[in-house]
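Descriptive structure summary
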Amino acid sequence: MGAQEVREGFVRLYGAEPDGVWAAPGRVNLIGEHTDYNDGFVMPFALPHIAVAAVSRRTDGVLRLHSADLDSGVAELRLDDLTPESDKKWTAYPAGVVWALREAGHPVTGADVHLSSTVPSGAGLSSSAALEVVVALALNDLFELGLQGWQLARLCQRAENVYVGAPTGIMDQTASACCEAGHALFLDTRDLSQKQIPLDLAAEGLRLLVVDTQVTHAHSGGEYGKRRAGCEKGAALLGVDALRDIAYADLDAALARLDDEEVRRLVRHVVTEDQRVEQVVALLESGGDTRAVGPVLTAGHASLRDDFRVSCPELDLVVDTALAHGALGARMTGGGFGGSAIVLAEAADVDALTKAVEEAFAAAGLKAPRVFEAVPSAGARRVG
Ligand code: ADP
Ligand code: MG
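The text that follows walks through the structure, step by step, so that each part is easy to find. Only a predicted model underlies this, so the values are computations on that prediction, with no experimental measurement involved. (Residues numbered from 1 in each chain as written. Chains lettered and ligands numbered in written order. Predicted model: local features only at pLDDT ≥ 70, side-chain atom pairs only at ≥ 80, totals over all residues. Heavy atoms only, no water.)

1. Comments concerning the overall build of the chain
A count of helical and extended segments in the chain gives 11 helices and 13 strands. For the chain, whose C-alpha radius of gyration is 21 Å, the value lies close to the compact-globule estimate of 21 Å for 384 residues. Relative to its 384 residues, the chain shows a buried fraction of 57%. Partitioning the intrachain contacts of the chain with sequence separation of at least 6 by distance along the chain shows that 72% fall at a separation of at least 24. Just so you have it, the chain exposes about 14900 Å², and 49% of that area is on carbon and sulfur atoms. In the chain, 34 positive and 54 negative side-chain charges are present, and the distance between their average locations comes to 3 Å. (Helix = DSSP H or I, 4+ residues; strand = E, 2+ residues; numbered from the N terminus. Rg over C-alpha atoms; globule rule 2.2 N^0.38 Å. Buried < 20%, exposed > 50% of the residue type's maximum accessible area, 1.4 Å probe, protein only. Contact = heavy atoms within 4.5 Å. Areas by Shrake-Rupley, 256 points an atom, 1.4 Å probe, with all protein chains shown as cover. Lys, Arg positive; Asp, Glu negative; His and termini not counted. Charge placed at Lys NZ, Arg CZ, Asp CG, Glu CD.)

Listed below in structure tokens is the structure:
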């Protein structure tokens, strides 16, 4: 839904023009998975899929929320009543942002919000971060808070961790807030320092496909928590603040100090994955052939499947089928246990490859996956 449609929806709903309209994208992560809660490196880029919100300021301590994509009506909340983990519905995401802003001392006094999103929900493409960031950016402008993208991202992460009650790292919100069109974002999640890395795949005759498996395995939340705890245990056993502090050159020595096989596997994934992000950055910055990124993506998948153990049969099927049909590289993206995979391929191979993946899913008795091309798009911005 475009800015104009969302504006018109706001007028129908609330009987007045909104103060403005904002957009924030979903993201796909090129490389750097399960590193963002280990103070490591990630490299997401923004999707053309966006959450769009028409918003007006209020001064009476009331927050009204409406999503055009659900039939749950308008939720009316009082700012003074906002309590962490009290809301199990979608409204927890935008309400959590208001809560986090106020907790941090920002003078937000209420708002009317009407939004709609084209980011597939629950597909590992960060529809939740898009919702949070679009509301945060709108309030930042309307209440003249003067916060920068990375600061809004931190507040949105706090909204999701504390208010919604979902443990997530900082990547999704930073990607939505800070990405730029035509670039991937090389982000150091320790200090949020960032570098925009040009990524023009079409110029090299390449395409990056996103394959949404349309499956989410129910235990994903619990498994995420276990991996996080395992990583923290590894860091503690090795005497570092975070696994990011283990240099790639010191990996073997670090592994030799660990008895617990599971912790060893987790540590190995995180340290090699940070190395893979740096490798991809070096490849892209060298101006050489981007095809060389392919095998790094595939190595990342093997590490997530065998060491970190967060893949699933559907994601492996996408990766294996794509590689068997000429893909340059492929890997799961996002947290795992369902969601989406990415495939780097020659433009000329895309149709045959897509067909092969669809046929493999049909042969396995699975629902058809959703396949689309991902072009690095703009981050959060005002659109009306
Ligand atoms: P992901 O971020 O990977 O898409 P999450 O589980 O983190 O998955 O977030 C999905 C949740 O975000 C949905 O369950 C819903 O509460 C909320 N959400 C996403 N899109 C919308 C939308 N268009 N309108 C209302 N809520 C939405
Ligand atoms: Mg999410």
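2. Thoughts on the sheet that holds strand 13 (residues 381-382)
Read from one edge to the other, the open sheet built from 6 strands follows the order 5-4-6-3-1-13, with strand pairing classed as mixed. Of all the strands in the sheet, just strand 5 (75-78) and strand 13 have a single pairing partner and so form its edges. The sheet contacts of helix 3 (residues 127-142) involve strand 1 (20-29), strand 3 (44-57), strand 6 (111-117) and strand 13, and relative to strand 1 the element is tilted by about 145 degrees. Of the strands in this sheet, strand 1 and strand 3 touch helix 5 (residues 171-178), which is tilted by about 130 degrees from strand 1. (Pairing = 2+ DSSP bridges. Axes fitted to C-alpha atoms, helices over the stretch in contact; angles between N-to-C directions.)

3. Structural notes on the site of ligand 1
Within the structure, ligand 1 sits among 16 residues, and Ser 67, Asp 69, Gly 122, Ser 127 and Ser 128 are positioned closest to it. Between ligand 1 and Asp 69 there is a distance of 2.6 Å, counted from a nitrogen atom to a side-chain nitrogen or oxygen. Gly 124 is positioned with one of its backbone polar atoms (N or O) 3.3 Å from an oxygen atom of ligand 1. Burial of ligand 1 by the protein chains amounts to 75% of its free accessible area of 570 Å². Under a 2 Å grid-point criterion requiring more than half of the atoms, the pocket assigned to ligand 1 is the largest pocket. Looking at the shell around ligand 1, the element that brings in the most residues is helix 3, giving 3 residues. (Near = heavy atom within 4 Å. Polar contact = N/O pair within 3.5 Å; in protein donor to acceptor, adjacent residues only side chain to side chain. 1 Å grid on protein atoms, 1.4 Å probe; cavity = no way out; pocket = protein on both sides within 12 Å on 5 of 7 lines; lining within 4 Å. Sits in = over half its atoms within 2 Å of the grid points.)

4. Quick word on empty space enclosed by the protein
Per the counting criterion, the structure on display carries 1 cavity of 30 Å³ or more. Of the volumes computed, that of the largest cavity is approximately 40 Å³. The class makeup of the residues in the lining of the largest cavity is 8 nonpolar, 1 polar and no charged. (Points joined across faces, edges and corners; volume = space filled by probe spheres on them. Nonpolar A, V, L, I, M, F, W, Y, C, P; charged D, E, K, R; others polar.)

5. Section: the layout of surface pockets
Here the idea is plain: a probe the size of a water molecule rolls over the atoms and shows the empty space left. Of the volumes computed, that of the largest pocket is approximately 1100 Å³. Lining the largest pocket we find 43 residues, and of these Gly 122, Gly 124, Ser 128, Glu 160 and Asp 172 sit closest to its centre. Sorting the residues of the lining of the largest pocket by element identifies strand 6, helix 3, helix 5, helix 6 (220-238) and strand 11 (338-346) as the ones contributing at least two each. Per-class residue counts for the lining of the largest pocket are 16 nonpolar, 21 polar and 6 charged. Shared between two domains, the lining of the largest pocket takes at least three residues from each, and those domains are domain 1 (3-196 + 378-382) and domain 2 (201-373). (Domains from an automatic or database assignment.)

6. A few points about unusual backbone geometry
If you check the backbone angles, Gln 214 has positive phi at about 60 degrees while not being a glycine. One can find Gln 214 in strand 9 (residues 206-216). Residues other than glycine seldom take positive phi values, yet Arg 309 does so here, at roughly 55 degrees. With respect to the helices and strands, the residue Arg 309 is situated in the loop between helix 9 (293-307) and helix 10 (313-324). By relative accessible area, Arg 309 is classed as partly exposed at 45%.

Keep in mind that these numbers describe shape and distance, not what the molecule does.
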